[in-house]
Amino acid sequence: MGKLIKKYFYLVYILFGAFVLAFGMYNIHSRTIITEGGIWGIELLLFNWFNLSPAVTAPFLDGTCYLMGVVFLGKEFILKSLVGTLGYSAFYALLEQFPPLLPDLDSVPILAAIIGAVFVGIGAGIVVRQGGACAGDDALALVISKKLKIKISQAYLFTDMTVLLLSLTYIPFRQIAYSLVTVLLSGWIIEKVQNWKKKEAVGAVLSQKM
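A short tour of the structure in this document, coming up. Remember, it's a predicted structure, so these values are computed and weren't measured experimentally.

1. Description of helix H7 (residues 136-148)
In a regular helix each residue adds 1.5 Å, so 13 residues correspond to 18 Å; H7 covers 18 Å between its end C-alpha atoms and thus fits that length. Those residues of H7 that sit buried are Gly136, Asp138, Ala139, Leu140, Ala141, Leu142, Val143, Ile144 and Ser145. Directly beyond the C-terminal end of H7, a positive phi value near 55° is found at Lys149.

2. Description of the layout of surface pockets
Approximately 770 Å³ is the volume found for the largest pocket. Every residue lining the largest pocket is counted, 31 residues in all, and those nearest its centre are Met25, Trp40, Tyr88, Ala135 and Asp137. Contributions of two or more residues to the lining of the largest pocket are made by helix H2 (10-27), helix H3 (38-50), helix H4 (54-73), helix H5 (75-95), helix H6 (109-129), H7, helix H8 (152-167) and helix H9 (173-209). Among the elements that make up the lining of the largest pocket, the one with the highest residue count is H9 (five residues). Per-class residue counts for the lining of the largest pocket are 15 nonpolar, ten polar and six charged.

3. Side note on the nonpolar core
Counting residues in each nonpolar core, the largest one holds 17 residues, and the members touching the most others are Phe77, Ala139, Ile152 and Tyr156. Breaking this core down by element, the ones donating at least two residues are H4, H6, H7 and H8. For this core, the leading source of residues is H7, giving five residues. Filtering out sequence-adjacent residues up to four positions away, Tyr156 remains in contact with Val128, Asp137, Asp138, Ala141 and Ile190. Counting residues in each nonpolar core, the second largest holds 15 residues, with Tyr10, Ile14, Tyr92 and Leu95 among its members.

4. Overview of the packing of H3 against H8
Two elements in contact, H3 and H8, have axes whose closest approach is 9 Å; the angle formed by their N-to-C orientations is 25°. Between H3 and H8, the angle is such that the two are roughly parallel. Crossing handedness for the pair H3 and H8: left-handed. Contact residues: H3 offers Gly38, Gly41, Ile42, Leu45 and Trp49, while H8 offers Thr159, Asp160, Val163, Leu166 and Ser167. Grouping the constituent residues of the contact of H3 with H8 by class yields five nonpolar, four polar and one charged.

5. Some points on H5
Taking 1.5 Å per residue as the helical rise, H5 with its 21 residues ought to reach 30 Å, and the 31 Å between its terminal C-alpha atoms agrees with that figure. Along H5, the residues classified as buried are Phe77, Lys80, Ser81, Val83, Gly84, Gly87, Tyr88, Tyr92 and Leu95. Looking straight down H5, one finds its buried side chains confined to an arc of 155°; they lie on one side. The exposed residues of H5 that point more than 90 degrees off its buried face are Lys75 and Leu86.

6. Some remarks on the environment of Ser30
Within the secondary structure layout, Ser30 lies in the loop between H2 and H3. Judged by its relative accessible area of 43%, Ser30 falls in the partly exposed class. Linking Ser30 and Asp106, residues 76 residues apart in sequence, is a C-alpha distance of 9.9 Å. If we skip the residues at most four places from it in the chain, Ser30 touches Met25 and Tyr92.

Conventions we followed
- Residues numbered from 1 in each chain as written.
- Predicted model: local features only at pLDDT ≥ 70, side-chain atom pairs only at ≥ 80, totals over all residues.
- Heavy atoms only, no water.
- Helix = DSSP H or I, 4+ residues; strand = E, 2+ residues; numbered from the N terminus.
- Expected span 1.5 Å × (residues − 1).
- Buried < 20%, exposed > 50% of the residue type's maximum accessible area, 1.4 Å probe, protein only.
- 1 Å grid on protein atoms, 1.4 Å probe; cavity = no way out; pocket = protein on both sides within 12 Å on 5 of 7 lines; lining within 4 Å.
- Points joined across faces, edges and corners; volume = space filled by probe spheres on them.
- Nonpolar A, V, L, I, M, F, W, Y, C, P; charged D, E, K, R; others polar.
- Core = buried A, V, L, I, M, F, W, Y, C linked by side-chain atoms within 4.5 Å.
- Contact = heavy atoms within 4.5 Å.
- Axes fitted to C-alpha atoms, helices over the stretch in contact; angles between N-to-C directions.
- Parallel < 35°, antiparallel > 145°, perpendicular 65-115°, else oblique.
- Left-handed = near helix turned anticlockwise from the far one by under 90°.
- Arc of directions from axis to C-beta.

Keep in mind these numbers describe shape, not what the thing actually does.
Below you can see the structure in the form of structure tokens.
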């Protein structure tokens, strides 16, 4: 039993990351004018351009990204991503049963952008570090990072910047600017969280050899 628990303990990390992400999205992003890049941004684009409901486009877009993840990242990826995705949804639904725990930062959008990015970066970073995803955005970034051999922060930046630039067709530039702060900072934090334990492990191995 002990070995089994140790083998699947990474699922606890994934659930913790999903909670941190849900906490930030509920307490910060859902209450401010900060928009998103990635898959959610594409859903909003399709809604504004073609009046296609996210209820229709979200399953298709997320499903496509997860399928790419399975093809390029392996079957274990889908198990981890299911835990992350379902955990995020469950935690968000739970948080909705209570009033927000953080003050409303809608009047201070730059602060909302920074604090929101910290929650997103740490939460998504923990899940990505374990090889999973909480949304199609993460799966797509992991695939791009692996296939193009670039940093994951660069993969997030590529997808988010593309969507945010297209979003200028219906969202004021000032709002996009705050969103840019969020995506740049969150992508950087995700990369730092993803690589932190790797560097620590390498250091431990080198010290043992010495």
